[in-house]
Amino acid sequence: MIPMVNLKAQYAEIKDEVERGLAETIENCSFILGPNVQAFEKEAASYLGVKHAIGVASGTDALHLALIAEGIGAGDEVITTAFTFIATAEAIKYVGAIPVFVDIDPQTFNISPEAIEKAITPKTKAVMPVHLFGQPADMTKIAQLCEQHNLKLIEDCCQSFGASINGKQTGSIGHASGFSFFPSKNLGAFGDGGLVTTNSDESAAKIKQLRNHGSDVRYYHDVIGYNSRLDEMQAVILRAKLKRIDQYNQRRRHVGHLYSQLMADLPLTTPYEDGLGEHVYHQYTLLCDRRDEVLKALQDKQIGCAIYYPVPLHQQNVFKQECAGVSLPVTEAVAAKCFSLPICPYLEDDTIREIVAVIRGVLTA
Ligand SMILES: *Cc1c(COP(=O)(O)O)cnc(C)c1O
């Protein structure tokens, strides 16, 4: 069996460090917003090149709190992509705003800056690009549009920890950004976790308050907040992995490139790197007209595979009605043909060859 992600192999490498840190935390009994959360926030801010990094309970919460802190609320339009995980749009709905789904670039699958520009109305308040599958969206153009039209730029970095564009980390460009530490992400915890980044002192102060019941001083509450703190135990694990994130992402890039090289002659479309930034291959996603046959052959051999994403958000039951008039031809075409292969820092070259051989068997038969 070849899993989509091999978390066991990663654990073997950091086991001693993690177990020491967890034991220490248990001994100290400082379970909520303790020294490891504080240290991780500092280390993450320094790595990402931002003034503030605030640990929260999940990536979904990170995006939600970022939107509140940037003043996005009822009736505001937020332009985003429909080719993403549901949480991108959920966060927008939580604040009472309206997700305006626009089409993607056919090669990178990231939100199209031209489509964003066309969708701007007097009600538009923010743009929320997703650095999908680990490849930065075209942030030069998107940031320029946001500045021209006085819009907030909120980055969904849940799949892009460590990816950079023009020498800047994703999550350091917009007004505020959200990261996820869901276990399978490039930087993953052993449970849920998330991070908001911002260079604004004011937004950072709001997010710190919001994650902790609207409170700066214990038992004094200024606003209605949430219980959304990054867990101290998760921070121990994240600190051990953050030290190694560049290594992990380099390995992911190697895996991605080897797959693409080995499949260059096959009738499918391997991931396109636009060269604007550095892709960190959260997923290795390709297009194939014979997707169903390929997936069946992989499943028969117990090789992990998945469709990210089979149904674009504007066509999901939850959005069908409010998006009745929305047509996104590129998104819909990509969703009909895309599939993803196993990828993680621990996928061996021989295993990659084995996976490709199965796909080759289907497509050259
Ligand atoms: C994983 C993910 C999220 C949500 O993160 P959670 O930590 O699971 O809440 C949001 N957006 C995208 C694009 C994601 O991949």
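Right above here is the structure, for reference.
Calculation rules
- Residues numbered from 1 in each chain as written.
- Predicted model: local features only at pLDDT ≥ 70, side-chain atom pairs only at ≥ 80, totals over all residues.
- Heavy atoms only, no water.
- Near = heavy atom within 4 Å.
- Polar contact = N/O pair within 3.5 Å; in protein donor to acceptor, adjacent residues only side chain to side chain.
- Areas by Shrake-Rupley, 256 points an atom, 1.4 Å probe, with all protein chains shown as cover.
- 1 Å grid on protein atoms, 1.4 Å probe; cavity = no way out; pocket = protein on both sides within 12 Å on 5 of 7 lines; lining within 4 Å.
- Sits in = over half its atoms within 2 Å of the grid points.
- Nonpolar A, V, L, I, M, F, W, Y, C, P; charged D, E, K, R; others polar.
- Helix = DSSP H or I, 4+ residues; strand = E, 2+ residues; numbered from the N terminus.
- Contact = heavy atoms within 4.5 Å.
- Expected span 1.5 Å × (residues − 1).
- Buried < 20%, exposed > 50% of the residue type's maximum accessible area, 1.4 Å probe, protein only.
- Pairing = 2+ DSSP bridges.
- Points joined across faces, edges and corners; volume = space filled by probe spheres on them.
- Core = buried A, V, L, I, M, F, W, Y, C linked by side-chain atoms within 4.5 Å.
- Phe/Tyr/Trp six-rings, centres within 6.5 Å; stacked < 30°, edge-to-face > 60°.
- Salt bridge = Lys/Arg side-chain N within 4 Å of Asp/Glu carboxyl O.

## A closer look at the site of the ligand
Neighbouring the ligand are 15 residues; Gly59, Thr60, Gln159, Ser180 and Lys185 lie closest to it. Here an oxygen atom of the ligand and a side-chain polar atom of Thr60 are 2.5 Å apart. Between the ligand and the protein, one listed contact pairs an oxygen atom with a side-chain N or O atom of Lys185 at 3.0 Å. Here the ligand, which alone exposes 380 Å², has 92% of that area covered by the protein. Because more than half of its atoms lie within 2 Å of the grid, the ligand is assigned to the largest pocket. Classifying every residue of the shell around the ligand gives 5 nonpolar, 8 polar and 2 charged.

## Points about the environment of Leu328
Structurally, Leu328 is set in the loop between α11 (317–320) and α12 (329–337). Considered as a pair, Leu328 and Ile307 are 21 residues apart in the sequence and their alpha carbons are 18 Å apart. Sequence-distant contacts of Leu328, that is, excluding residues within four places in its chain, are made with Ala82, Phe101, Val102, Asp103 and His314.

## Observations regarding helix α2 (residues 35–48)
The end-to-end C-alpha distance of α2 is 20 Å, a good match for the 20 Å that 14 residues give at a rise of 1.5 Å each. Asn36, Val37, Ala39, Phe40, Glu41, Ala44, Ala45 and Leu48 are the residues of α2 that are buried. Downstream of α2 by a residue or two, Gly49 has a phi angle that is positive, lying close to 70°.

## A few points about the sheet that holds strand β6 (residues 164–165)
Taken together, the 3 strands give an open sheet; going across it, the order is β7-β6-β12, and neighbouring strands pair in antiparallel fashion. One side of each edge strand has no neighbouring strand; the edge strands of this open sheet are β7 (168–169) and β12 (277–278). With 2 bridges connecting them, β6 and β7 associate as antiparallel partners. Bridge pairing links Ile165 to Lys168 in β7.

## Remarks on the layout of surface pockets
Space inside the largest pocket adds up to approximately 440 Å³. Lining the largest pocket are 26 residues, and of these Phe85, Gln159, Phe182, Ser184 and Lys185 sit closest to its centre. Elements with a minimum of two residues in the lining of the largest pocket: α3 (59–69) and α4 (87–94). Taken as a whole, the second largest pocket holds about 310 Å³ of empty space.

## Side note on the nonpolar core
Judged by nonpolar contacts, the single largest core of 28 residues is most densely connected at Tyr259, Met263, Leu298, Leu341 and Ile359. When residues of this core are traced back to their parent elements, those giving at least two are α9 (245–262), β13 (284–287), α10 (291–300), β14 (338–341) and α13 (349–363). Considering each element in turn, this core owes the most residues, 7 residues, to α13. Core analysis: the second largest hydrophobic core is formed by 26 residues, Phe179, Leu187, Ile237 and Cys344 among them.

## Some remarks on the packing of aromatic side chains
The way to describe two aromatic rings as a pair is by their centre distance and the angle between their planes. Here the structure, examined in full by the defined rule, presents 15 aromatic pairs. Ring centres of Tyr259 and Tyr284 lie 4.6 Å apart, and the angle between their planes is 25°; on these two criteria the pair is classed as stacked. Of this pair, Tyr259 sits in helix α9 while Tyr284 sits in strand β13; the two residues are 25 residues apart in sequence, bridging distant segments of the chain. Across this residue pair, the class does not change: Tyr259 and Tyr284 are buried. On the basis of an interplanar angle of 20° and a centroid distance of 6.1 Å, the ring pair of Tyr281 and Tyr284 is categorised as stacked. One aromatic cluster in this structure is built from Phe40, Tyr47, Phe161, Phe179 and Phe181.

## Digging into the pattern of salt bridges
Applying the stated rule across the entire model yields 20 salt bridges. Where Asp201 meets Lys51, a salt bridge forms, and the shortest distance between an N and an O atom there is 3.0 Å. Of the two residues, Asp201 sits in helix α7 (residues 201–210) while Lys51 sits in the loop between α2 and β1 (52–56), which places them 150 residues apart along the sequence. Residue Lys51 is classed as exposed on the basis of its relative accessible area, which comes to 52%. Shared partners join several salt bridges into a network, and the residues in it are Glu17, Lys243 and Arg244.

## Description of unusual backbone geometry
Note on backbone geometry: most residues besides glycine have negative phi, and most peptide bonds are trans. Following Tyr308, the chain continues to Tyr309 via a peptide bond in cis, the omega torsion being 5°. Assignment of secondary structure puts Tyr309 in the loop between α10 and α11. At Tyr281, a residue that is not glycine, the phi angle is positive and equals roughly 45°. If you trace the backbone, Tyr281 turns up in the loop between β12 and β13. Residue Gln302 is not a glycine yet carries a positive backbone phi of 60°. Looking at where Gln302 falls in the secondary structure, it is placed in the loop between α10 and α11. Taking relative accessible area as the criterion, Gln302 reaches 51% and is therefore assigned exposed.

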